[in-house]
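Analysis of the macromolecular model
Chain by chain, the residues:
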Amino acid sequence: MTSAPPLSFIGETSHVAEPDILSARTEVAAERKSRVYARSGGLLGGSDLPAESWLRDAAPCTTCPSPERQEDGVQKDFSSKLATGPTFQHFLRSASALQEKLSSPEVEDPPPYLTVDELLGRQRKVYFETYGCQMNVNDTEIAWSILQKSGYLRTSNLQEADVILLVTCSIREKAEQTIWNRLHQLKALKTRRGSCMAERLKEEILNREKVVDLLAGPDAYRDLPRLLAVAESGQQAANVLLSLDETYADVMPVQTNPSATSAFGLKEVTLLGQNVNSFRDNSEVQFNNAVSTNLSRGFTTNYKTKQGGLRFAHLLDQVSRVDPDMRIRFTSPHPKDFPDEVLQLIHERDNICKQIHLPAQSGSSRVLEAMRRGYSRDAYVELVHHIRASIPGVSLSSDFIAGFCGETEEDHLQTVSLLREVQYNMGFLFAYSMRQKTRAYHRMKDDVPEEVKLRRLEELITVFREEASKANKTSVGCTQLVLVEGADTD
């Protein structure tokens, strides 16, 4: 029997990050979504311990022997540890035991209307399709980890799948339309689905042409076994509730790319989250003092600023110490949260990549105010100069939107001039599409004609490419350290 897929929604509501809409979840989302994501598809390292534990266990002992006893004691102690320590076979056995543990189905207490057996995957095959950004990729790994523990198998063959999961988002209209088109293609297979669109378009997804059997929001992945069991009984199932508490902290993501490098050979990791540099950890009481939150100069927030807790600089510092040869990146940040301590850390640590994503969205202060971005063009440009002064040779990328509500030709030319002034190395440019459940949807009018949006977008792309070419030519003749991620199969 062929089943259908659940779609997994990341929770973004609009390509424009409108702080007044997202304010209730901004810091929580940053904390919840700031998981360590490995570009190779693996975990941060080859240990079951969190990064903090590795750092703590690797720290030097604070009670050292006296100088006169140290020389003899060190060699003797090292020899005894070497003789009685684990062998290579020990690690092979440990890895085998871990694999056996992962392959044993694990289920929680079932609800009254389901049995334990119904919650088990019973080796049914799951097929994943992932659309969107790195956060969607990471969510796919989490969803697969949970289903694997419940006894499901993963397949790369769509035709033999019992369950098809589409993991996606609906930040832009084009991405959302792509999913609708894909659902029409899968209709013959009678799919179940889960996605980013789940939280925002629950009723429409379940009822439109009756293609979808299952919906799961970004905070409902633990509920996937139950949702699948309900859908298997012939009923539609959905869980799109958002949670302030769900962190998936105890869920170990599983590689979804079978050809990916193992965690033991990891060369680069990305700290991943929406407004990732807004990270705040209040779990340790001793750090919950009233230390003020330092925003980038000239930047404000549309919500009451929280105080205390460990901030992004601490997280970045700790992760960069795990392995000096492991490259560190982070995305996607907000320009308001680049205090000097973060910039200094990026400059000082060789393994933190000298690349910063700095979403501008527009070069017009008037449009930025309408978007409620919390900064003016002048403040943004000042931040760019400060970053380049603090991190010589830094590479900058950005996001831009063409045709936001009320954007005039003068506003557009302001964005063109910002592209020329900054000379970004990389850019992500899109035509604006209004999304439901945003401030713009309720209070503004999408009054820029589509053909004008597309014309402005083409102009922005042309200017970006011209300036990026100039910026990148400055590296001609330089020697750069690069990461080879795999062979080109084309």
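Residues numbered from 1 in each chain as written. Predicted model: local features only at pLDDT ≥ 70, side-chain atom pairs only at ≥ 80, totals over all residues. Heavy atoms only, no water.

Some details on the overall build of the protein chain
- Along the backbone of the protein chain there are 18 helices and 15 strands.
- Residues classed as buried in the protein chain amount to 49% of the 490 residues present.
- Residue pairs in contact within the protein chain that sit at least 24 positions apart in sequence constitute 78% of those at least 6 positions apart.
- For the protein chain, the exposed area adds up to about 24700 Å²; of that, 52% sits on carbon and sulfur atoms. (Helix = DSSP H or I, 4+ residues; strand = E, 2+ residues; numbered from the N terminus. Buried < 20%, exposed > 50% of the residue type's maximum accessible area, 1.4 Å probe, protein only. Contact = heavy atoms within 4.5 Å. Areas by Shrake-Rupley, 256 points an atom, 1.4 Å probe, with all protein chains shown as cover.)

Remarks on the sheet that holds strand β4 (residues 153-154)
- Pairing within the open sheet is parallel, and its three strands lie in the order β4-β3-β5. In the strand order of this sheet, the two ends are held by β4 and β5 (163-167), each with one partner.
- Bridge count between strand β3 (residues 125-130) and β5: five bridges; the pairing is parallel. Considered in β5, the bridge of V126 is made with V163. (Pairing = 2+ DSSP bridges.)

With respect to helix α11 (residues 224-232)
- When you tally the buried positions in α11, you get seven out of nine residues, the bulk of the element.
- By the burial criterion, the buried members of α11 are L224, P225, L227, L228, A229, V230 and A231.
- Among the structural elements, α6 (116-119), α7 (134-149), β5, β7 (214-216) and β8 (237-239) are those in contact with the buried residues of α11.
- Following α11 by one or two positions, G234 adopts a phi angle in the positive range, close to 105 degrees.

With respect to the packing of helix α15 (residues 377-390) against helix α16 (residues 409-422)
- Two elements in contact, α15 and α16, have axes whose closest approach is 12 Å; the angle formed by their N-to-C orientations is 10 degrees. Between α15 and α16, the angle is such that the two are roughly parallel. Residue-level contacts link R377, Y380, V381, V384, H385 and R388 of α15 to Q414, S417, L418, E421 and V422 of α16. (Axes fitted to C-alpha atoms, helices over the stretch in contact; angles between N-to-C directions. Parallel < 35°, antiparallel > 145°, perpendicular 65-115°, else oblique.)

Describing the nonpolar core
- Grouped together as the largest cluster of nonpolar side chains are 48 residues, with contacts concentrated most on L271, F312, L316, I356, I387 and Y424.
- Going through the elements one at a time, β9 (268-272), α12 (312-320), β12 (327-331), α13 (340-348), α15, β14 (395-402), α16 and α18 (450-473) are the ones with two or more residues in this core.
- When neighbours within four sequence positions are excluded, L316 is seen to be in contact with L271, I328, F330, L345, I346 and I352.
- Core analysis: the next-biggest nonpolar cluster, separate from the first, contains 24 residues, A143, W144, L147 and Y221 among them. (Core = buried A, V, L, I, M, F, W, Y, C linked by side-chain atoms within 4.5 Å.)

Some points on the packing of α7 against α11
- Their axes nearest at 9 Å, the elements α7 and α11 cross at an angle of 70 degrees. On the basis of their axis angle, the class for α7 and α11 is roughly perpendicular. Side by side, α7 and α11 meet where A143, I146 and L147 of the first sit next to L224, P225 and L228 of the second.
- Tallied by class, residues from the contact of α7 with α11 come to six nonpolar, no polar and no charged. (Nonpolar A, V, L, I, M, F, W, Y, C, P; charged D, E, K, R; others polar.)

Describing α15
- For α15, which comprises 14 residues, the first-to-last C-alpha distance of 20 Å matches the rise-based estimate of 20 Å (1.5 Å per residue) to within 8%.
- By the burial criterion, the buried members of α15 are R377, A379, Y380, V381, L383, V384 and I387.
- Turning to α15, the residues buried within the fold contact α13, β13 (355-357), α14 (365-371), β14 and α16. (Expected span 1.5 Å × (residues − 1).)

Regarding the environment of S243
- The residue S243 is located in the loop between β8 and β9 in this model.
- The spacing of S243 and D219 is 24 residues in sequence and 6.1 Å in space, taken between C-alpha atoms.

A look at the environment of E410
- One can find E410 in helix α16.
- Taking relative accessible area as the criterion, E410 reaches 47% and is therefore assigned partly exposed.
- Expressed as a C-alpha distance, the spacing of E410 and S364, which sit 46 residues apart in the sequence, is 8.4 Å.

Section: the pattern of salt bridges
- This model, assessed by the stated rule, comprises 21 salt bridges.
- Put simply, E232 and R124 hold a salt bridge, and the shortest N to O gap is 2.8 Å. Taken together, the positions of E232 in helix α11 and R124 in the loop between α6 and β3 put the pair 108 residues apart, joining distant regions of the chain.
- The class of E232 is partly exposed, set by a relative accessible area of 27%.
- With relative accessibility at 10%, the residue R124 sits in the buried group. (Salt bridge = Lys/Arg side-chain N within 4 Å of Asp/Glu carboxyl O.)

Some words on the confidence of the model for the protein chain
- Chain-level pLDDT for the protein chain is 74 on average; 65% of the residues reach the 70-or-more range.
- Counting contacts from residues 1-71, a segment whose pLDDT is below 50, to residues more than four positions away or on other chains yields 229 contacts.
- Below pLDDT 50 for its whole length, residues 191-198 participates in 76 contacts with residues either more than four positions away or in separate chains. (pLDDT = per-residue confidence, 0-100.)

Notes on unusual backbone geometry
- Here the residue pair T331 and S332 is connected by a cis peptide bond, since its omega of 0 degrees sits within 30 degrees of zero.
- One non-glycine residue with positive phi stands out, namely R122, at about 50 degrees.
- Within the secondary structure layout, R122 lies in the loop between α6 and β3.
- Backbone geometry places Q123, a non-glycine residue, at a positive phi of 60 degrees.
- Residue position: Q123 is located in the loop between α6 and β3.

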